[in-house]
Each structure stands twice: as structure tokens, then as C-alpha cells.
Amino acid sequence: VQLQAYGGGLVQAGESLRLSCAASGRTVSSYGMGWFRQAPGKERGVVAAISRSGSSTYYADSVKGRFTISRDIAKNTVYLQMNGLKPEDTAVYYCAARATASGGYAVLERFYDYWGQGTEVTVSS
């Protein structure tokens, strides 16, 4: 599967953005999917993840209640809706796909098999 992330940009604190991760080659329903981010000078870490069935989701504590991961099977796209953005959300965001028999999501990047290119999000104060 090939993944293409887009939708980043420059916003002010409190505003919203929706990131999209378009998949090609295979359907997103074949994979656990995750969104990761890497801020300048920091390691890449998980933001949100969703299981292959779509029935289970995970959110990092820092984004709970503000971010929502979802997917549109018909569009073969996974989304990250980001509301109430804060300057500390500034990072390059990546989407990733995990091919696993269990269908579960993972919070560690080493368990993901496919990665999209990053899309940059900058939140000004």
C-alpha cells in the first residue's frame, strides 16, 4: 500500500485542521492505521491509531478530547481531525499502516510497515 498524507498548514492556536491519508494499492480496511508526529528536536511518537475493523481507537494523552481519527472506506482515506490546536501540536505528521493478522493498532512505530510522507502542521500562538 502507498500512503499520501496531506492537509497540513499554518493555523492559529484554537483553530482546526483535518489531515488526510489517502491510500492506494490496498484498502485501508486491511490495516491498522496510525498517525504519528515529530516535533523539531524530538522523537516521532504516536498521536492516534485505529484498528483494522475500525472498532478500536487510541489517542495520546496530549490530544485526547481534541483529535479524532476516522476513516472513509469508500474514499480509502484515513483522517485526523484536529480541533483546539495548540502551539505544542506543531510537528510533521505522518500516517502509517500496520499489516497484522490480529488487526489491532499499535502505538510504537516499529510495528508499522508502511509510511506516508509527512505533512507539516504549524500552530502559532
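All figures in this text were calculated on a predicted structure; none of them were measured in a lab.

Student: I'd love a proper account of the overall build of the chain, names of residues and values included.
Tutor: Along the backbone of the chain there are 0 helices and 11 strands. In the chain, the succession of helices and strands from N to C terminus is β-β-β-β-β-β-β-β-β-β-β. A compact globule built from 125 residues should have a C-alpha radius of gyration of about 14 Å, and the chain, at 13 Å, falls within 12% of that. Taken over the C-alpha atoms alone, the chain extends approximately 45 × 25 × 25 Å along its principal axes. Relative to its full complement of 125 residues, the chain shows a buried share of 44%. Nonlocal contacts in the chain, meaning residues at least 24 apart in sequence, comprise 58% of its contacts between residues at least 6 apart. As displayed, the chain has an accessible area near 6,100 Å², and 46% of this comes from carbon and sulfur atoms.

Student: Before we move on, could you go through the environment of Ile 69 and cite the residues and values that matter?
Tutor: Mapped onto the fold, Ile 69 is located in strand β7 (residues 67-72). Each C-alpha atom, one on Ile 69 and one on Gly 34, is 8.5 Å from the other, the two residues being 35 residues apart in sequence. The contact partners of Ile 69, leaving out residues within four places of it in the chain, are Met 33, Trp 35, Ala 48, Ala 49, Ile 50, Thr 57, Tyr 59, Val 78, Tyr 79 and Leu 80.

Student: Residues and numbers for the pairing of β7, please.
Tutor: In this sheet, strand β8 (residues 77-82) lies alongside β7 in antiparallel orientation, the contact comprising 6 bridges. For Thr 68, the partnering residue across the bridge sits in β8 and is Gln 81. Connecting β7 to the next strand, β8, in antiparallel fashion are 4 residues, including Asn 76 with a positive phi near 55°.

Student: How would you explain the pattern of salt bridges if you had to name every residue and give the values?
Tutor: Applying the stated criterion across every chain yields a total of 4 salt bridges. Ionic pairing is found between Arg 44 and Glu 109, a salt bridge with its closest N-O pair at 2.8 Å. With Arg 44 in the loop between β4 (32-38) and β5 (45-50) and Glu 109 in the loop between β9 (91-98) and β10 (114-115), this residue pair connects regions lying 65 residues apart in the sequence. Assessed through its relative accessible area of 24%, Arg 44 is described here as partly exposed. For Asp 61, the salt bridge is made with Lys 64, and the minimal N-O distance between the two is 3.2 Å. Among the charged side chains, a salt-bridge network with shared partners connects Arg 37, Arg 66 and Asp 89.

Student: Got a sec to walk through the side chain of Thr 77? Specific residues and values, please.
Tutor: Mapping Thr 77 onto the fold places it in strand β8. On the accessibility criterion, Thr 77 (5% relative accessible area) is buried. Polar contacts involving the side chain of Thr 77 include one to the main-chain carbonyl oxygen of Lys 75, which spans 2.8 Å. Setting aside residues no more than four positions away along its own chain, Thr 77 makes contact with Ser 20, Cys 21, Ala 22, Val 28, Ser 70, Arg 71 and Asp 72.

Cut-offs used in this document
- Residues numbered from 1 in each chain as written.
- Predicted model: local features only at pLDDT ≥ 70, side-chain atom pairs only at ≥ 80, totals over all residues.
- Heavy atoms only, no water.
- Helix = DSSP H or I, 4+ residues; strand = E, 2+ residues; numbered from the N terminus.
- Rg over C-alpha atoms; globule rule 2.2 N^0.38 Å.
- Buried < 20%, exposed > 50% of the residue type's maximum accessible area, 1.4 Å probe, protein only.
- Contact = heavy atoms within 4.5 Å.
- Areas by Shrake-Rupley, 256 points an atom, 1.4 Å probe, with all protein chains shown as cover.
- Pairing = 2+ DSSP bridges.
- Salt bridge = Lys/Arg side-chain N within 4 Å of Asp/Glu carboxyl O.
- Polar contact = N/O pair within 3.5 Å; in protein donor to acceptor, adjacent residues only side chain to side chain.

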